[in-house]
Amino acid sequence: MARHTFHCVDGHTCGNPVRVVAGGGPQLTGSSLSEYRQDFLANHDWIRRGLMFEPRGHDMMSGSILYPPTRSDCDVGVLFIETSGCLPMCGHGTIGTVTTALEEGFVTPREPGALRLDTPAGVVEVSYQSDGRFVESVSLRNVPAWLEATDVEVEVPGLGPLRCDIAYGGNFYAIFDPQPGFEGLDALAVDDILRLSPEVRRRLNTLIEPVHPDDDTIRGISHVMWTGPAHDPAADARNAVFYGDRAIDRSPCGTGTSARMAQLHGRGRLSVGDRFVHESIIGSLFTGEVLALETVGPHQGIRPGITGWARVTGYNTIFIDDRDPFAHGFSV
Ligand code: PYC
């Protein structure tokens, strides 16, 4: 019987939680962060469940564990942990992790104002604005994003058949825009999103199973995005992203905004150099930008850029006690 100790720093990115595990994470085997992710999921997943789910976390909890990079051209390795699993990439998680790691001195940039992150989905380049003590904003040059499929029809309980596009932005997204007979996000209450999203994701994954051409461990639609017109005049559009079993992103979603820009680019509505301001369900904003064109396997996509902010909320030393019947978390 043991009591396992995790030294965490809690914070949030534009409203969505980020718990950074700076001490207590397991040693992982592999030659890349993608292999670390597989090792973690196979052998250490109790740590994620214990730190993310109730009673130490909640439905929306997410975070990261810091590692030395597996590549000599990166400053730090980042393993993303969420109630939904270990995402290959997480945009709000990146912004929160970078803010925390810099403010708490967990990473020393080789170049002022810039970091290179080794993530399971690939290298993510980051730049940040800081007054030397606090980080004001973080911009990431995300992994390449592309539009995978258009107008996939799926029966949505109570709404009938709806069309969605499938796009990749670090995770695979099903994107439901307003369409004849469906007003989009404005027509949905939070309870509708929580009820409909897992069912349409399940149905879509039986119709189409997207696979990353360079890493077949990244497969399947994990996130469902509902879109609608912006409420904030500073934004171009509003969205809500569902993931895991019960989570709706409180931030505008970094990989989701990347997938959304790839979708709009694929549909001829965004070009290189264009900006796209995305609003979350709580009104927080990310600024996206189409940085360049990118080809990944058969896909002609884009290199998305995302800018946002995060705030550290406190230190949290968390115990997982083997005697605790809820050591590995629960969900109701
Ligand atoms: O910001 O990429 C993101 C993200 C994914 C799930 C929650 N947030």
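Here the structure is shown first, and the text comes after it.
Predicted model, so just to flag it, every value in this text is computed and none were measured. (Residues numbered from 1 in each chain as written. Predicted model: local features only at pLDDT ≥ 70, side-chain atom pairs only at ≥ 80, totals over all residues. Heavy atoms only, no water.)

**Focus: the overall build of the protein chain**
We apply this condition: Labels follow the DSSP assignment, with helices taken as runs of H or I lasting at least four residues and strands as runs of E lasting at least two, numbered in each case from the N terminus. The cut-offs for exposure are 20% and 50% of the maximum accessible area for each residue type, with area from a 1.4 Å probe on protein chains only; residues under the lower value are buried, those over the upper are exposed, and the others partly exposed. Pairs of residues are marked as contacts when any of their non-hydrogen atoms sit within 4.5 Å. To be clear on the numbers: accessible area is Shrake-Rupley with a 1.4 Å probe, and residue cover counts the displayed protein chains and nothing else.
Counting its secondary structure elements, the protein chain contains five helices and 19 strands. Its C-alpha atoms give the protein chain principal-axis dimensions of about 55 × 45 × 35 Å. Burial statistics for the protein chain: of 332 residues in total, 56% are counted as buried. Restricting the contact set of the protein chain to residue pairs at least 6 apart, pairs at least 24 apart contribute 63%. Within the structure as shown, the protein chain displays about 13,300 Å² of accessible surface, and the carbon and sulfur contribution to it stands at 48%.

**A word on the environment of T29**
Relative to the helices and strands, T29 is located in the loop between β2 (16-23) and α1 (33-43). For T29, a relative accessible area of 55% puts it in the exposed group. The spacing of T29 and F40 is eleven residues in sequence and 8.6 Å in space, taken between C-alpha atoms. Excluding residues within four positions of it along the chain, T29 makes contact with E35, Y36 and D39.

**Regarding the pairing of strand β18 (residues 299-308)**
Quick note on the threshold: Criterion used throughout: strands pair if DSSP finds at least two bridges between them.
Counting buried residues in β18 gives eight out of ten residues, a clear majority hidden from the surface. Sheet topology places strand β7 (residues 135-141) next to β18; four bridges connect them, and they run antiparallel. Its bridge partner lying in β18, V138 is registered against G308. Sheet analysis places strand β17 (residues 285-296) next to β18, joined by nine bridges and oriented antiparallel. Across the sheet, residue T295 finds its bridge partner in β18, namely Q300. Between the end of β17 and the start of β18, which pair antiparallel, lie two residues, with G297 showing a positive phi angle near 50°.

**Considerations on the nonpolar core**
Going by this rule: By convention a nonpolar core is built from buried Ala, Val, Leu, Ile, Met, Phe, Trp, Tyr and Cys residues, the set being connected through side-chain atoms within 4.5 Å.
In this structure, L115, L117 and V126 are the most contacted members of the largest nonpolar core, which totals 42 residues. Looking at this core, the element that brings in the most residues is helix α3 (residues 91-103), giving four residues. In contact with L117, other than residues within four places in its own chain, are C74, V76, V78, T94, V98, G122, V123, V124 and V126. Residues L162, C164, L196 and W226 belong to the second largest nonpolar core, which totals 23 residues.

**A closer look at the side chain of H212**
Let me state the cut-off plainly: Any pair of N or O atoms that falls within 3.5 Å is considered a polar contact. Within protein, one atom must be able to donate a hydrogen and the other to accept it, and sequence-neighbouring residues count only if both atoms are side-chain atoms.
Mapped onto the elements of the fold, H212 is located in strand β11 (residues 211-212). In this structure the side chain of H212 is engaged in a polar contact, spanning 3.0 Å, whose partner is the backbone nitrogen of D214. In contact with H212, other than residues within four places in its own chain, are W146, Y168, F172, I218 and V296.

**Digging into the environment of V296**
Tracing the backbone through its elements, the reader meets V296 in strand β17. Overall, V296 belongs to the buried group, its relative accessible area being 7%. For the pair V296 and A145, spaced 151 residues apart in the sequence, the C-alpha separation amounts to 8.5 Å. Setting aside chain neighbours within four positions, we find V296 in contact with P144, W146, H212, P213 and D214.

**Regarding unusual backbone geometry**
For the peptide bond that leads from E54 to P55, omega is 5°, which places it in the cis range. Look at C14: it is not a glycine, yet its phi comes out positive at around 50°. Locating C14 in the fold gives a position in the loop between β1 (3-13) and β2.

**Comments concerning the state of the cysteines**
Rule in force here: Count a disulfide wherever a pair of cysteine sulfur atoms falls within 2.5 Å.
The final tally for this structure, using the stated rule, is zero disulfides. The thiol of C14 is unpaired, and the distance to the nearest cysteine sulfur, on C253, comes to 11 Å. Since its relative accessible area comes to 1%, C14 is described here as buried. Sulfur of C253: no disulfide; nearest cysteine sulfur belongs to C90 and is 6.9 Å away. Looking at C253, the relative accessible area reads 4%, which means it is buried.

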